[in-house]
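Below are the chains, spelled out letter by letter.
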Amino acid sequence: MKLRFGDLSFDARRRLLRRGAEPVHLSPKAFQLLSLLLDRRPDVVPKTEIVEMLWPGAIGTEGNLSSVVSEVRRALGEEARGGVWVRTLHGFGYSFEGTVTEMPEVSRHVLVKGSQEIELVRGVNLLGRERGAAVRLGHPSVALEHAKIVVKGDQAVLEDLAGTESTSRGPDVVRDRVTLQDGDVIRLGLVVLTYRVIAA
């Protein structure tokens, strides 16, 4: 499950912390600590339990824990926002404070071209030779703005823009809009792509 708090999003499965679209670096120990605090929120996690999880069997690591907590706080931008996400209960442990929203898992939509995987974004993805195209295809048989794929939720819709009957899904020429299915083969001019849905 992905979590959102403030301008941050946290994805434990993909081991990602982002501020907006930008990844925020965390060391493996700091990531483990943040993951534990988010998982147990709003409960307080005792220091002894945190130390055992981060450094199993180690002795005298409380100083190390303080530096990992500081790293998490810096990554979360606590100083900049003037608030506290990670609360200290002196002599006992730590808890995660604040409102956390669970975000539903959404599948990834990709186009596969040979060994290359091109991830599609939510909304409009332009396919063509145009320099600013989301999926840039440099083959001369492809128009500048050949087609577009609109991704909304778990659905992707392919629409021809070239008007030359050079866009197809499988054996069928695309003249209007078609909803794509996992494994569909798309042909733009002489370029062949495979549409894949990767479960979240």
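Cut-offs applied
Residues numbered from 1 in each chain as written. Predicted model: local features only at pLDDT ≥ 70, side-chain atom pairs only at ≥ 80, totals over all residues. Heavy atoms only, no water. Salt bridge = Lys/Arg side-chain N within 4 Å of Asp/Glu carboxyl O. Helix = DSSP H or I, 4+ residues; strand = E, 2+ residues; numbered from the N terminus. Buried < 20%, exposed > 50% of the residue type's maximum accessible area, 1.4 Å probe, protein only. Pairing = 2+ DSSP bridges. Contact = heavy atoms within 4.5 Å. Axes fitted to C-alpha atoms, helices over the stretch in contact; angles between N-to-C directions. Parallel < 35°, antiparallel > 145°, perpendicular 65-115°, else oblique. Left-handed = near helix turned anticlockwise from the far one by under 90°. Nonpolar A, V, L, I, M, F, W, Y, C, P; charged D, E, K, R; others polar.

Engineer: Can you lay out the pattern of salt bridges for me, pointing to particular residues and giving the numbers?
Structural biologist: For the coordinates displayed, the defined rule picks out 11 salt bridges. Residues Arg-108 and Glu-119 are paired through a salt bridge, measuring 3.2 Å at the closest nitrogen-oxygen approach. Of the two residues, Arg-108 is situated in strand S9 (residues 108-113) and Glu-119 in strand S10 (residues 116-119); the sequence distance between them amounts to 11 residues. For Arg-108, a relative accessible area of 24% corresponds to the partly exposed category. Exposure remark for Glu-119: the relative accessible area of 42% places this residue in the partly exposed category. As a salt-bridge pair, Arg-175 and Glu-165 come within 3.2 Å of each other at their nearest N and O atoms. Of this pair, Arg-175 sits in the loop between strand S16 (172-173) and strand S17 (177-179) while Glu-165 sits in the loop between strand S14 (155-160) and strand S15 (167-169); the two residues are 10 residues apart in sequence, bridging distant segments of the chain. For the pair Arg-175 and Glu-165, a shared accessibility class is recorded, and that class is exposed. Connected through salt bridges with shared partners, the residues Arg-108, Glu-117 and Glu-119 form a single ionic network.

Engineer: Run through the sheet that holds strand S18 (residues 185-188), naming residues and quoting values.
Structural biologist: The antiparallel open sheet is built from six strands, whose spatial order is S10-S9-S19-S18-S15-S16. On the outer flanks of this sheet lie S10 and S16, each paired with one strand and no other.

Engineer: Provide a residue-level description of the side chain of Lys-47, including the pertinent values.
Structural biologist: By secondary structure assignment, the location of Lys-47 is in helix H2 (residues 47-54). Filtering out sequence-adjacent residues up to four positions away, Lys-47 remains in contact with Glu-62, Leu-65, Gly-91, Phe-92, Gly-93 and Tyr-94.

Engineer: If you had to explain the packing of helix H1 (residues 28-40) against H2 to someone new, which residues and values would you point to?
Structural biologist: Axis separation between H1 and H2 bottoms out at 10 Å; the angle between their running directions is 135°. It follows that H1 is oblique to H2 by the angle criterion. Here H1 runs over H2; the crossing is right-handed. Contacts from Lys-29, Gln-32, Leu-33, Leu-36 and Arg-40 in H1 reach Glu-49, Ile-50, Met-53 and Leu-54 in H2. Here the residues of the contact of H1 with H2 are counted per class, giving five nonpolar, one polar and three charged.

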